[in-house]
Amino acid sequence: MRTPLVAGNWKMNKTVREALELVGGLNTQLAGIEGVDVVICPPFTALADVGRALAGSALELGAQDLHWESRGAYTGEISAPMLWDLGCTYVIVGHSERRRGPGESDEDVQRKVAASLANELIPILCVGESLEEREAGRTERIVQTQARVGTLNVEPDQAASLVVAYEPVWAIGTGQPATGAEANRIAGLLRQWLHEWFGDRAGQIRILYGGSVTPETFGEFAGQPEIDGALVGGASLDAAAFAAIVQAFAGRVG
Ligand code: PGA
């Protein structure tokens, strides 16, 4: 049985002081909500302080990216052991804003997924097609390739802890989410492929939807049987909005 998961991707927002204010609001708003795992992913600069502020709370700490090497001459990069040291338990890998901006390849993503798992971090592997790819009828092919290459080095006994987020690029930050039915269809395909690659363990992999999930839109997704939660960007910066989304998924053990 899969426990629902809602993750907040704060992206490049919040100074340490602002981050701690938001955590204060979240601890209040989310108190008493059970049956759902909740992760917040502040920027690197706020991880240490937010980690300390989460001590004793049920909220978990995640990072937005990592490098696949543990240490070395990689200026500006952050490694999995460094994240683990700060109390991170999750890390977002292969977000479309990193695939497109810094130009991360599927092979980079593969190394990052493997490094996460090797260091006791749960990777939230993001996959999703662009608008051009969708219009060209390539959605399934793109999503399958990103998921396959990204997980190619995952050992079968590690597979159960994977999280995959289906995030169509055209839905991110646009206010135009996919329909619940379409997101559910792609999540179902992902589950089928994961089953081919990892066998029965795929039944434990959580598949999230991300892209303009807000208090106005979450209802589309919270009711879909193949969707185990959400990766939330903009709406995760507002404690009440994020809490409303978390509440929608709470107790929905699939
Ligand atoms: P959004 O971002 O909720 O602001 O669309 C989602 C994401 O990028 O993970």
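Predicted model, so just to flag it, every value in this text is computed and none were measured.

What counts, and at which threshold
- Residues numbered from 1 in each chain as written.
- Predicted model: local features only at pLDDT ≥ 70, side-chain atom pairs only at ≥ 80, totals over all residues.
- Heavy atoms only, no water.
- Pairing = 2+ DSSP bridges.
- Helix = DSSP H or I, 4+ residues; strand = E, 2+ residues; numbered from the N terminus.
- Axes fitted to C-alpha atoms, helices over the stretch in contact; angles between N-to-C directions.
- Contact = heavy atoms within 4.5 Å.
- Near = heavy atom within 4 Å.
- Polar contact = N/O pair within 3.5 Å; in protein donor to acceptor, adjacent residues only side chain to side chain.
- Areas by Shrake-Rupley, 256 points an atom, 1.4 Å probe, with all protein chains shown as cover.
- Nonpolar A, V, L, I, M, F, W, Y, C, P; charged D, E, K, R; others polar.
- Buried < 20%, exposed > 50% of the residue type's maximum accessible area, 1.4 Å probe, protein only.
- Right-handed = clockwise from strand over helix to strand, strands pointing away.

> I keep staring at the sheet that holds strand 6 (residues 163–166) and nothing clicks. Help me out?
Consider a sheet: its strands pair through backbone hydrogen bonds, and that pairing is either parallel or antiparallel. Taken together, eight strands build a closed barrel; the order of strands is 1-2-3-4-5-6-7-8 and the barrel is parallel. On average, adjacent strands in this sheet sit at an angle of 25 degrees to one another, irrespective of strand direction. Here strand 1 (residues 5–9) runs beside strand 8 (residues 229–232); their pairing, made up of four bridges, is parallel. In the sheet register, Leu 5 faces strand 8, and the bridge partner there is Gly 229. Strand contacts of helix 10 (residues 239–249): strand 1, strand 2 (37–41) and strand 8, with the helix running at about 160 degrees to strand 1, the strand carrying the most contacts.

> Any chance you could explain the site of the ligand here in plain terms?
Taken together, 13 residues are adjacent to the ligand, and Lys 11, His 95, Glu 167, Gly 173 and Ser 212 come closest. Here Glu 167 contributes a side-chain N or O atom positioned 2.7 Å from an oxygen atom of the ligand. Here Gly 173 contributes a backbone N or O atom positioned 2.6 Å from an oxygen atom of the ligand. A total of 280 Å² of accessible area belongs to the ligand in isolation, and the protein chains cover 94% of it. Considered class by class, the residues forming the shell around the ligand number four nonpolar, seven polar and two charged.

> Where do I start with the pairing of strand 2 in this structure?
The two faces of a sheet get side chains in turn, since along a regular strand they alternate between them. With respect to burial, strand 2 is a largely interior element, four of its five residues being buried. Examined bridge by bridge, strand 1 and strand 2 share five bridges and lie parallel to one another. Note that in strand 2 the partner of Asn 9 across the bridge is Cys 41. Of the strand pairs in this sheet, strand 2 and strand 3 (residues 60–63) are connected by two bridges, and their pairing is parallel. Each bridged residue has a counterpart across the sheet, and for Ile 40 the counterpart in strand 3 is Leu 61. As for the winding sense of the linkage, the β-α-β connection from strand 2 through helix 2 (residues 44–53) to strand 3 is right-handed.

> Looking at this structure, how should I read unusual backbone geometry?
Peptide bonds are, in most cases, trans, and in most cases residues other than glycine have a negative phi. Its identity is not glycine, yet Lys 14 carries a phi of approximately 85 degrees, on the positive side. By the secondary structure assignment, Lys 14 is in the loop between strand 1 and helix 1 (16–30). Of note, the phi angle at Ser 212 is positive, near 60 degrees, even though the residue is not glycine. Mapping Ser 212 onto the fold places it in the loop between strand 7 (206–210) and helix 9 (219–222).

> Could you clarify how one ought to interpret the environment of Ala 239 in this entry?
Residue position: Ala 239 is located in helix 10. Note on Ala 239: relative accessible area 13%, which makes it buried. For the pair Ala 239 and Val 50, spaced 189 residues apart in sequence, the C-alpha to C-alpha distance is 15 Å. Setting aside residues up to four positions removed in sequence, Ala 239 forms contacts with Leu 22, Gly 25, Leu 26 and Gln 29.

> How do you make sense of the environment of Glu 97 when you look at a structure like this?
Looking at the secondary structure, you find Glu 97 in helix 4 (residues 96–100). Note: C-alpha distance between Glu 97 and Gly 234 (137 residues apart in sequence) is 14 Å. With near-sequence residues (within four places) excluded, Glu 97 lies in contact with Lys 11, Pro 102 and Ile 172. Polar contacts involving the side chain of Glu 97 include one to the side chain of Lys 11, which spans 2.9 Å.

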